[in-house]
Amino acid sequence: MVVSPLVFPPRKRRPSAGSFVSPKLADMNLVKSLLSLSQEISSLKPLQFLLRRNSLSVINKTKLLSILFEELLRNPVSNFFSPSTLLCFEEMYIVLQRIKTQIEDCSNGSKMWLLMQIQVLSNGFHELTLELSTLLDIFPFKEVELSQDVEELVVFVRKQCSQSKPLVDPRDESLRLEVLAMLDRIEKEIVPDHFKLKKVVEDLGLRHNSSCREEIESLQEEIQNQNDEKSKSDIVSLIGLVRYANCVLFGSSTASRTDHTRRKSMSDLTIPADFRCPISLELMRDPVVVATGQTYDRESINQWIESGHSTCPKTGQTLAHSNLIPNRALRNLIAMWCREQGIPFETVGSNETVNGVKATKVAFEATKMTVSFLVNKLSSSQSMEAANGVIYELRALSKTDSDSRACIAEAGAIPILVRYLASGIGSQEPSLQVNAVTTILNLSILEANKTMIMETDGALNGVIEVLLSGATWEAKGNAAATIFSLSGVHAYRKSLGRKTRVIKGLINLVKDGPMNSQKDALVAILNLAGDRENVGRLVEGGVIEMVNGVIDELPEETVMILEAVVRRGGVAAIAAAFNVIKKLAAILREGSDNARESAAATLVTICRKGGSEVVAELATIPGIERIIWEVMGSGTMRGRRKAATLLRILRRWAAGLDLDTNNVVDSSSMMTMTVNNTSRTVLPA
């Protein structure tokens, strides 16, 4: 059998020279594999922009060697080779594997990083050529009995390999030094010369917007190949340079382009259970281990402890101490999962990038220059098409990291973006309105920017206008997500809840919008329901009727809202919730663990506050006690406790005893923290 040459799958780290192995084949089958591998290398194109001479030289030599393997297959002297000949062929196979892999890596990887590593890679090609020379020196000509022409050809290749010298193209080296000089000037806050910048990127084959975006993605992937922090930091600096070049040189080439890719939100993803914080039920950003060995998100467990609790929320055990130990292994797994899902992973309160590498001075200054260029260009835009192109670039930049979001806001972009939120803009250029509101959403993820948005004249009203009458569902959904993000600040939650138009817009979006937009609105409503003053306005606005209408399609989100509303609301909330009792019972029977937990807690509150009439309605549901027993046996810990409480209420009612309606609902702190922590789920769009 012939083994096809090894094709490496996408990898985070390139294999070392020692990781290549030859196929365990004997004699002519090994020669067939060598021929196949050499032909594959021969068919490869030389590198186009860098290392062209190096790659062309090794490809040509391999092409000549393929003639040797063809000769051996045409005129086999023997079916069996000596051990030394077999070893020579096996080593040759390994060298050819490494040649193929090096050419493919250089072809598919980042051009900027290739340029920075030009000396190392040139030496790599030279070393591979010398290894071929060594193998050809010991090649057993007498045993294989080649024709004179082929033997002379092999001798020629051997001589070529032995005379090879390390080669760095002067043009490549000059280009590398020019890039290093640009990075040095940027670090000193000197704007690069645009003519020189254009020449550099074009010499690397980066000649339009899409090629620059591909290069940025390649650089971001390259970070995962590096072991040392300096290399990672150097790549971050290069990303800043390419991003700047893309905006100042090619940004206008996609001025009319709209990003139709829907923003990924946590509600669109199935988060692995181990990655969720047991308190907030959201993706952990900074997992820490407490004294009992349980893992929580740092922000959530800190709030739990600071609110006076001395027990583990999950196990109920008393905490021997309040030390929080970082769970770095889990954090790395979460970061890896986020990369696979294509969503950013940033530690709260840090300036780390999505790849976990701190921004360099060069990258930060390049970001500032990029933002300054874009904001100035937006200020002077004379047409909607031109403005749309610039805002699209700001949207993409605001998605990258905290530094970018800070720079955009500090450069004064928010008041300019507000101009493009008006309904008139949406009717004429829908994509422009979408890009503007989505950029504001991305900016709002940074805590400091929330204040700037709330204090900018017309910004909040503009977002509300989009929520109520946006030209597309995407615009409305991203406006709702912006309300959700802003309501993460307690003071803003109160002020947002006082605006009838906010509540109306969110409720209407849940009633009429597509599922993605519904989820954006629901999490915003849940955040608003974290404030007691807002609950009354939500009830007046019809939130319980809204829940009743969509609870079958979105049970987990709606039942959490209902739990918060009935617990904090008064008589009106309980009366309105009366019609939802049977649907809550259905969720107890068929819902997810989290939905069943919230349904049980909601029913406990309704029964305690609503009295015998409500309990009687619940008791009429067939098999209700069996359903409650099932939750007690298989639900979450809090769900089991709530189910047990609910069963006691039913039995006391059946026995004609007092329902103990003054008893405070237990475990409410967990729900409060769930509502308070939902603001951390906003992702850039």
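Predicted model, so just to flag it, every value in this text is computed and none were measured.

## What to know about the overall build of the protein chain
Across its full length, the protein chain carries 35 helices and 3 strands. Long-range contacts, defined as pairs at least 24 residues apart, comprise 74% of the intrachain contacts of the protein chain with a sequence gap of at least 6. Here the protein chain has roughly 29100 Å² of accessible surface; of this, 51% comes from carbon and sulfur atoms.

## Brief notes about the environment of valine 191
Following the sequence through the fold, valine 191 ends up in the loop between helix H8 (170-187) and helix H9 (194-203). Residue valine 191 is classed as partly exposed on the basis of its relative accessible area of 49%. In sequence terms valine 191 and methionine 369 are 178 residues apart; their C-alpha atoms lie 7.2 Å from each other. Ignoring anything within four residues of it in the chain, the contact list for valine 191 reads Tyr244 and Met369.

## Details of the UniProt feature "coiled-coil region" (unreviewed entry) in the protein chain
UniProt's feature table lists "coiled-coil region" (unreviewed entry) at residues 209-236, given in the numbering used throughout. End C-alpha atoms of residues 209-236 are separated by 19 Å, and the span's content is 82% helix alongside 0% strand.

## Details of the side chain of aspartate 531
Mapped onto the elements, aspartate 531 comes out in the loop between helix H25 (515-528) and helix H26 (532-540). A polar contact of 2.9 Å, which involves the side chain of aspartate 531, links it to the side chain of lysine 494.

## Examining the packing of helix H2 (residues 52-74) against helix H7 (residues 148-162)
Close contact between H2 and H7 brings their axes to 10 Å; oriented N to C, the two are set at 150 degrees. The orientation of H2 with respect to H7, classified from their angle, is roughly antiparallel. For the pair H2 and H7, the crossing hand works out as left-handed. Contacts from Lys61, Leu64, Leu65, Ile67, Leu68 and Glu71 in H2 reach Val150, Leu153, Val154, Phe156, Val157, Gln160 and Cys161 in H7. By residue class, the composition of the contact of H2 with H7 is 10 nonpolar, 1 polar and 2 charged.

Criteria and thresholds
- Every chain is numbered independently, its residues counted from 1 as its sequence is written.
- Reporting of local features is limited, given that this is a predicted model, to residues whose pLDDT is at least 70; pairs of side-chain atoms are given and counted only at 80 or more, and all residues count toward the totals for whole chains, interfaces and linings.
- Just so you know, side-chain values use all the structure's heavy atoms and leave hydrogens and water out.
- For helices the rule is a DSSP run of H or I covering at least 4 residues; for strands it is a run of E covering at least 2, with both sets numbered from the N terminus onward.
- Any two residues having at least one pair of non-hydrogen atoms within 4.5 Å are treated as being in contact.
- All accessibility values rest on the Shrake-Rupley procedure with a 1.4 Å probe; residue burial counts only the protein chains present in the view.
- Note on exposure labels: buried denotes an accessible area under 20% of the residue type's maximum, exposed denotes more than 50%, and partly exposed covers the range between, all computed with a 1.4 Å probe on protein chains only.
- UniProt positions are given in the numbering used here, feature names are shortened, and annotations may be inferred rather than shown by experiment.
- Each polar contact in these results corresponds to two N or O atoms within 3.5 Å; when the atoms are within protein, one needs to be able to donate a hydrogen and the other to accept it, and residues that are neighboring in sequence are counted only if both atoms are side-chain atoms.
- Geometry is summarised by axes, namely lines fitted to C-alpha atoms with helices restricted to the contacting stretch, and by angles between N-to-C directions that run from 0 to 180 degrees.
- Any angle that is under 35 degrees is reported as roughly parallel, and any over 145 degrees as roughly antiparallel; angles of 65 to 115 degrees are reported as roughly perpendicular and all others as oblique.
- The hand of a helix crossing depends on one turn: near helix anticlockwise from the far one by less than a right angle means left-handed, and clockwise means right-handed.
- Lys, Arg, Asp and Glu make up the charged group, whereas Ala, Val, Leu, Ile, Met, Phe, Trp, Tyr, Cys and Pro make up the nonpolar group; the residues left over, Gly among them, are polar.

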